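# Fold and geometry: a report
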Amino acid sequence: MTTITSETPNSGKAPVHLALRRVAIDTYRENVAYLHRDCAACRAEGFQALAKVEIRVNGKRILASLNVVDDSAIVGCNELGLSEDAFAQLGAEPGVPASISQAEPAPSIPALHRKIAGERLRREDFHAIIRDIAEHRYSKIELTAFVVACNQGELDREEVYFLTDAMIQVGRRLDWREHPVVDKHCIGGIPGNRTSMLVVPIVAAHGMLCPKTSSRAITSPAGTADTMEVLANVELPFERLCEMVREERGCLAWGGSSELSPADDVLIAVERPLSIDSPGQMVASILSKKIAAGSTHLLLDIPIGPTAKVRSMTEAQRLRKLFEF
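Criteria and cut-off values
- Residues numbered from 1 in each chain as written.
- Predicted model: local features only at pLDDT ≥ 70, side-chain atom pairs only at ≥ 80, totals over all residues.
- Heavy atoms only, no water.
- Salt bridge = Lys/Arg side-chain N within 4 Å of Asp/Glu carboxyl O.
- Helix = DSSP H or I, 4+ residues; strand = E, 2+ residues; numbered from the N terminus.
- Buried < 20%, exposed > 50% of the residue type's maximum accessible area, 1.4 Å probe, protein only.
- Contact = heavy atoms within 4.5 Å.
- Pairing = 2+ DSSP bridges.
- Axes fitted to C-alpha atoms, helices over the stretch in contact; angles between N-to-C directions.
- Parallel < 35°, antiparallel > 145°, perpendicular 65-115°, else oblique.
- Polar contact = N/O pair within 3.5 Å; in protein donor to acceptor, adjacent residues only side chain to side chain.
- Phe/Tyr/Trp six-rings, centres within 6.5 Å; stacked < 30°, edge-to-face > 60°.
- Lys NZ or Arg CZ within 6 Å of the ring centre and 35° of its normal.
- Disulfide = S-S within 2.5 Å.
- Left-handed = near helix turned anticlockwise from the far one by under 90°.
- pLDDT = per-residue confidence, 0-100.

## Some points on the pattern of salt bridges
- Counting across every chain of the model gives 25 salt bridges.
- We note a salt bridge from R120 to E158, for which the minimum N-O separation is 2.8 Å. Highlighted residues: R120 in the loop between α3 (109–116) and α4 (123–134) and E158 in helix α6 (residues 157–169), separated in sequence by 38 residues.
- A salt bridge links E124 to R122; its shortest N-O distance comes to 3.7 Å.
- R122 sits in the partly exposed class, given a relative accessible area of 45%.

## A look at the environment of E154
- Within the fold, E154 resides in the loop between α5 (140–152) and α6.
- In this structure E154 touches E159, P279 and R318, once residues within four positions along its chain are discounted.

## What about the sheet that holds strand β1 (residues 16–22)?
- Read around the barrel, six strands follow the order β1-β5-β2-β4-β3-β6 and close on themselves; strand pairing throughout is mixed. Averaged over all pairs of adjacent strands, the angle between their axes in this sheet comes to 45°, without regard to strand direction.
- Examined bridge by bridge, β1 and strand β5 (residues 79–82) share four bridges and lie parallel to one another. What sits directly across from R21, in β5, is G81.

## Topic: the packing of α4 against helix α10 (residues 262–274)
- Relative to each other, α4 and α10 sit at 75°, their axes nearing to 8 Å. When the axis of α4 is compared with that of α10, the two are roughly perpendicular. Only A263, V266 and L267 of α10 make contact with α4, whose side of the interface consists of I130, I133 and A134.

## Quick notes on the side chain of S214
- The residue S214 is located in strand β8 (residues 210–214) in this model.
- Looking at S214, its side chain comes within polar contact range of the side chain of K212, at 3.5 Å.
- Setting aside anything within four residues of it in sequence, one finds S214 in contact with T224, A225, A253, W254 and G255.

## Some thoughts on the packing of aromatic side chains
- Counting across every chain of the model gives one aromatic pair.
- We note R172 situated over the ring of F238; from NZ or CZ to the ring centre the distance is 4.0 Å.

## Some remarks on the state of the cysteines
- Within the structure shown, the criterion is met by zero disulfides.
- C251 supplies the cysteine sulfur nearest to C242, a cysteine that is in no disulfide, at a spacing of 9.2 Å.

## Description of the pairing of strand β6 (residues 97–102)
- Counted residue by residue, β6 has five buried out of six residues, so it is predominantly covered.
- Alignment of β1 against β6, held across four bridges, turns out to be antiparallel. Bridging across to β6, V16 finds its partner in I100.
- Pairing between strand β3 (residues 52–57) and β6: four bridges, direction antiparallel. Bridge pairing in β6 links I55 to I100.

## Observations regarding the pairing of strand β7 (residues 182–186)
- Across the five residues that make up β7, a large majority, five, are buried.
- What you see with β7 is no split at all: V182, K184 and C186 on one side and D183 and H185 on the other are buried throughout.
- Relative to strand β10 (residues 297–301), β7 runs parallel, the two being bridged by five bridges. Paired with D183 across the bridge in β10 is L298.

## Looking at the packing of α4 against α6
- In the contact formed by α4 and α6, the axes pass within 8 Å of each other and the chain directions differ by 40°. Comparing their axes, α6 and α4 come out oblique. Pair α4 / α6 crosses with right-handed handedness. Along the contact surface, α4 presents R123, F126, H127 and I130, while α6 presents E159, Y161, F162, L163, D165, A166, M167 and Q169.

## Side note on the confidence of the model for the protein chain
- Chain-level statistics for the protein chain give a pLDDT mean of 89 and a share of 95% at 70 or above.
- The least confident element of the protein chain is helix α1 (residues 40–44), whose mean pLDDT is 80; the most confident is α3, at 97.
- Scored below 50 in pLDDT, residues 1–12 shows 29 contacts in the model against residues more than four places distant or in partner chains.

Structure follows, in C-alpha cells:
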C-alpha cells in the first residue's frame, strides 16, 4: 500500500473537515471512504457514490472510492468512515479531524482509453498508468478496464517490457551485493503443485541466496504464499524480510507486505475474481517481483497439459521466448 505525503492541488473546492471513524470492513486492497447521505458536506460538495476523494489527516494523504450510507450506526452525519486498509495507511486515531475533497482524475486516464481502443502504448504511458495504480488513483472499474484491455488486445513483447519496467520503478528494489542471487518460480494453475516449498530450502541449505517471494493465488484456490501461510507468517515487513534472508540464505514470503512491485498486488486483486492471467501481464508480474527482490538468475517452471494454463508445447515455447526477451 502507498501512503502519499506530498501536497498536491485538488479540484479547487475547500476540503470539508469531519471526525475520522474506523469502519471494520475488509475491502481487499482498495481504499474505501464512507459518508452518510444526510451529511452536509456530502450535499454541499456534490459527493456521489463511487467518486474518487482525497482524504488528509495529520499531513498524510490517501485517495479512496466513496460509498454513501444511510445507516448512522455505520457512520454518522459528522463522521468520515474509512475501510480497514485505508484507516491503517493513515495511522491515525479514531475521532481526529480529517479533511475530504474531490480528487483530481488520474493523469493516465487518456492512456487507459487508448489501450481500451486497442492502441499500442509507449513506455511513458505504462509508467503513468502503473504509477497511478500504485497510488490508488484507479477505481476497481478502471483497474478492470486496464486488465481486460491488456488481455483482449494481447501485449506485444516491447509492451510487456515497458509494463515490467514500470512495475519495478514504483516499488522498492533489493540489492544483496552478491552474485548470483537465485530464484525459482512456477506459473501455477496446477492444484497441489507446491514444488517451491521443496526447492527453496534445498537451494538455501547449499548456500545459495534465494529470496523467494510469491504472489497470492490468481487462477487457483491457493498460491505458494497462501499454502506457506498455513505453516508460517508470510506477511513480512521489508526489514524483517531482509534480515531473514541474510540469516537463513532464503525465505518463502508474500511480496505484497514488503512493497516489492506494489502495483502488481493491486492488479491481482482484480485479476483473481475475473480468473484472468494473460501472458503479458503474467510475465510482467513475475519478472517485476523477481527483479525487485534482487534476483539475478531465475529457474522457471511452465507446466503443460489439458487443464494447465499452457495447453501445448507450442504455447510453452512462445511463453518461454517472451520471458527470455
